[in-house]
Amino acid sequence: MHTNTYFSLMYMFYHLSYILAGSQHFEISSGPLHPAGPLSLHLSLSPICPLCASHDKEFTRSHFSVSGWTCQDDCKYECMWVTVGLYLKEGHRVPQFHGKWPFSRFLFFQEPASAMASFLNGLASLVMLCRYHTSVPASSPMYPTCVAFAWVSLNAWFWSTVFHTKDTDLTEKMDYFCASTVILHSVYLCCVRTVGLQHPAVASAFRALLLLMLTAHVSYLSLVHFDYGYNLAANVAIGLVNVVWWLAWCLRNQRRLPHVRKCMVVVLLLQGLSLLELLDFPPFFWVLDAHAIWHISTIPVHILFFSFLEDDSLYLLKESEAKFKLD
């Protein structure tokens with residue numbers, strides 16, 4: 001980049017710092033801004049925002065304030081697009097801000113595609129929960145565990161929708177923590193199905209262990225250090241245990257229980273679709289990125305898994321009734 005262009009960009013960034021209000025930081029986390037290499041730029045924001053002073057009252061009455069958007073957030077959003085425009089004008093790749101790609105806001109949705117996909121996943125979970133309630137009697141051995149898993153999943157998709165609507169420290173943590181809860185509950189669901197029905201004490205002890213692990217995980221990230229790398233590693237490790245356990249059980253029982261093949265498909269699909277998270281590209285039309293595509297692709301997978309839980313619960317109910325008659 002030519003020296004004049006570099007100083008023009010720097011002047012623009014410092015000018016933007018006066019528009020942005022508060023004491024937070026505006027961080028560009030990638031992009032070759034300086035000829036010597038990438039620059040991570042932190043701008044200390046002015047406590048006075050001339051733009052905010054003129055429209056703050058009008059802004060707070062708008063639909064944005066309902067979802068937590070403030071005048072300062074709106075200023076940062078507008079400045080982000082000015083920065084993106086400068087990068088593209090100089091022929092550079094799209095920069096990331098705080099490690100995230102820029103997204104075009106729709107109404108008050110910060111990441112509209114991911115928010116809508118999360119909502120549809122939650123809706124699918126709710127529909128399948130209602131169907132499970134209708135078709136499976138409460139006397140089925142797996143009924144309480146399956147219903148609890150459905151509510152845990154529904155809660156996770158609720159917070160995912162909220163997080164992609166407005167990214168804050170609270171919504172980010174709730175999204176991450178609830179996602180971890182779903183993975184751990186899936187492991188517990190597998191434990192109950194494979195071991196717990198015959199040995200309830202083992203399932204109870206394992207549940208206590210998982211709750212302790214979740215408490216330690218959340219406490220560390222909340223009170224000590226919010227480490228993204230550790231959170232990812234922990235979820236991947238538990239996820240692998242979940243996959244191996246479910247898949248081993250499915251392979252052992254697929255001939256005897258034909259509906260188990262649904263579970264096998266779900267496990268394999270989730271593993272394959274998770275590779276989408278490894279892709280990293282600017283969002284298509286500033287809306288659709290790899291994470292949004294992953295969320296969209298999981299909607300039918302959740303429906304198939306709940307279909308498996310329904311079939312399996314009805315099978316276990318039939319089996320328990322047959323044993324009761326023999327006794």
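Quick caveat: nothing in here was measured; it's all calculated off a predicted structure.

(A) How the structure looks around the environment of Leu154. Mapped onto the elements of the fold, Leu154 is located in helix α5 (residues 143–165). With 24 residues separating them in the primary sequence, Leu154 and Cys178 have C-alpha atoms 9.7 Å apart. Apart from the residues lying within four places of it in its own chain, the contact partners of Leu154 are Gly122, Ser125 and Leu126.

(B) Representation of the confidence of the model for the protein in the model. Considering every residue of the protein, the mean pLDDT works out to 79; 74% of them sit at 70 or more. When pLDDT is averaged over each helix and strand of the protein, the minimum, 40, is found for strand β2 (residues 41–44) and the maximum, 95, for helix α7 (residues 200–224). Long-range and interchain partners of residues 3–26, a stretch whose pLDDT sits below 50, account for 70 contacts in this model, where long-range means more than four residues apart.

(C) A look at the environment of Phe305. Along the chain, the position of Phe305 falls in helix α10 (residues 290–326). Contacts of Phe305, omitting those with residues within four sequence positions, involve Phe149, Leu189, Trp246, Cys263 and Val266.

(D) A look at the layout of surface pockets. If you add up the space inside the second largest pocket, you get close to 280 Å³. In terms of lining, the second largest pocket is formed by 15 residues, of which the most central are Arg193, Leu197, Gln198, Leu316 and Glu319. Mapped onto the lining of the second largest pocket, the elements with two or more residues apiece are α6 (169–196), α8 (228–253) and α10. Of all the elements, α10 adds the most residues to the lining of the second largest pocket, at five residues. Considering only residue class, the lining of the second largest pocket consists of six nonpolar, four polar and five charged.

(E) Region of the structure containing the packing of α5 against α6. The geometry of α5 relative to α6 is characterised by a closest axis approach of 8 Å and an angle of 160° between their N-to-C directions. Taken together, the axes of α5 and α6 are roughly antiparallel relative to one another. Taken as a pair, α5 and α6 cross one another with a handedness that is left-handed.

(F) Focus on the nonpolar core. Ranked by internal contacts, the top residues of the largest apolar core, which has 43 residues, are Leu189, Trp246, Phe305, Phe308 and Leu309. At the level of secondary structure, the elements contributing two or more residues to this core comprise α4 (112–135), α5, α6, α7, α8, α9 (260–273) and α10. Ignoring anything within four residues of it in the chain, the contact list for Phe308 reads Trp246, Trp249, His259, Val260, Lys262 and Cys263.

(G) Just the pattern of salt bridges, in detail. Counting across every chain of the model gives three salt bridges. One salt bridge connects Glu310 with Arg131, and the closest N-O pair in it is separated by 2.9 Å. With Glu310 in helix α10 and Arg131 in helix α4, this pair connects stretches of sequence that are 179 residues apart. When its relative accessible area of 43% is taken as the criterion, Arg131 is described as partly exposed. Between Arg193 and Asp312 there is a salt bridge whose closest N-O contact spans 2.5 Å. Of this pair, Arg193 sits in helix α6 while Asp312 sits in helix α10; the two residues are 119 residues apart in sequence, bridging distant segments of the chain. A single burial state applies to Arg193 and to Asp312, both of which are buried.

(H) Inspection of the state of the cysteines at higher detail. The full count for this structure, using the stated rule, is zero disulfides. Considering cysteine sulfurs only, Cys190 is the nearest to Cys191, which forms no disulfide, with 7.6 Å between them. By relative accessible area, which is 2% here, Cys191 ends up buried.

(I) Geometry of the packing of aromatic side chains. On inspection of all chains with the given rule, the structure shows 16 aromatic pairs. Measuring from centroid to centroid gives 6.2 Å for Phe149 and Phe306, while their planes differ by 40°, and the two rings are tilted. Of this pair, Phe149 sits in helix α5 while Phe306 sits in helix α10, and the two are 157 residues apart along the sequence. Just as Phe149 is buried, Phe306 falls in that class too.

What counts and how
Residues numbered from 1 in each chain as written. Predicted model: local features only at pLDDT ≥ 70, side-chain atom pairs only at ≥ 80, totals over all residues. Heavy atoms only, no water. Helix = DSSP H or I, 4+ residues; strand = E, 2+ residues; numbered from the N terminus. Contact = heavy atoms within 4.5 Å. pLDDT = per-residue confidence, 0-100. 1 Å grid on protein atoms, 1.4 Å probe; cavity = no way out; pocket = protein on both sides within 12 Å on 5 of 7 lines; lining within 4 Å. Points joined across faces, edges and corners; volume = space filled by probe spheres on them. Nonpolar A, V, L, I, M, F, W, Y, C, P; charged D, E, K, R; others polar. Axes fitted to C-alpha atoms, helices over the stretch in contact; angles between N-to-C directions. Parallel < 35°, antiparallel > 145°, perpendicular 65-115°, else oblique. Left-handed = near helix turned anticlockwise from the far one by under 90°. Core = buried A, V, L, I, M, F, W, Y, C linked by side-chain atoms within 4.5 Å. Buried < 20%, exposed > 50% of the residue type's maximum accessible area, 1.4 Å probe, protein only. Salt bridge = Lys/Arg side-chain N within 4 Å of Asp/Glu carboxyl O. Disulfide = S-S within 2.5 Å. Phe/Tyr/Trp six-rings, centres within 6.5 Å; stacked < 30°, edge-to-face > 60°.

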